[in-house]
Amino acid sequence: MAGYEGYLFQFGNYMFPNEYISFDSYDIAPDQRQDLDSFTNGKGVTIRNALEHTKTNITFSTLPMSGQEMEIIVSNLARNYKNVNETDADCVYFNPRLCQYSTGHFYLDPSVKFRIKKVDEAGREIEYGEMQWIFIEY
């Protein structure tokens, strides 16, 4: 997937800027298997019905930034929503399990908390502290 090298995550057409990502916080759980109606039988043996579709979760924190920088990120994410209510997009991400880029349909976890670190005296300039972003594949 040429053109993605150097970026860890792309939400729709928006390549999330690496310079805002705290790399020590970047956690990815790629290709998680899902089960449907799996159970443990009377002998204690698990009977699995593993599904073909896998899910990936990506979590990272952003470094402190200005209100203008945050506005750019938030507006670019919003511009790429397929469905505003679901805050979702088709995404491209580096998959360490495969050592290559993968694609998936993700949504931005609605529990994102914006951490305001500082506001100027006039209340116009906001500085954001580190905050966590969670993207979950459908």
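All values reported here derive from a predicted model rather than from experimental measurement.

How each quantity is defined
Residues numbered from 1 in each chain as written. Predicted model: local features only at pLDDT ≥ 70, side-chain atom pairs only at ≥ 80, totals over all residues. Heavy atoms only, no water. Pairing = 2+ DSSP bridges. Helix = DSSP H or I, 4+ residues; strand = E, 2+ residues; numbered from the N terminus. Polar contact = N/O pair within 3.5 Å; in protein donor to acceptor, adjacent residues only side chain to side chain. Contact = heavy atoms within 4.5 Å. Axes fitted to C-alpha atoms, helices over the stretch in contact; angles between N-to-C directions.

Caption draft 1: Just the sheet that holds strand β11 (residues 126-128), in detail. An order of β7-β11-β10 is seen for the 3 strands of this open sheet, with the pairing classed as antiparallel. Every other strand in the sheet has two partners, leaving β7 (65-66) and β10 (116-119) as the edge strands with one partner each. Sheet topology places β7 next to β11; 2 bridges connect them, and they run antiparallel. Directly across from S66, in β11, lies its bridge partner E127.

Caption draft 2: Geometry of the side chain of N95. Position of N95 among the secondary structure elements: in strand β8 (residues 88-95). In terms of polar contacts, N95 uses its side chain to reach the backbone amide nitrogen of R97, at 2.9 Å. Those residues in contact with N95, other than ones at most four positions away along the chain, are P30, D31, Q100, Y101 and S102.

Caption draft 3: Region of interest: the sheet that holds β8. Strands sit in the order β2-β1-β8-β9-β12-β6-β3 across an open sheet of 7 strands; the sheet is antiparallel. Because the sheet does not close on itself, it has two edges, and the strands there are β2 (14-15) and β3 (21-32). Sheet analysis places strand β6 (residues 55-62) next to strand β12 (residues 131-137), joined by 6 bridges and oriented antiparallel. Paired with T62 across the bridge in β12 is M131. Running over the sheet, helix α1 (residues 67-79) touches β1 (9-11), β2, β9 (100-108) and β12 and is turned about 15 degrees from β12.

Caption draft 4: Layout of the pairing of β9. Relative to β9, β8 is paired through 8 bridges, and the arrangement is antiparallel. Bridging from a neighbouring strand, D88 pairs with Y107 of β9. The antiparallel hairpin formed by β8 and β9 contains 4 residues in its connecting segment, where C99 sits at a positive phi of about 55 degrees. Judged from the 3 bridges that link them, β9 and β12 form a sheet pairing that is antiparallel. Bridging from a neighbouring strand, Y107 pairs with I136 of β12.

Caption draft 5: Broad picture of the pairing of β10. Alignment of β10 against β11, held across 3 bridges, turns out to be antiparallel. By the bridge assignment, K118 is partnered in β11 with E127. Taking the residues between adjacent antiparallel strands as the criterion, β10 and β11 are bridged by 6 residues, where G123 takes a positive phi near 75 degrees.

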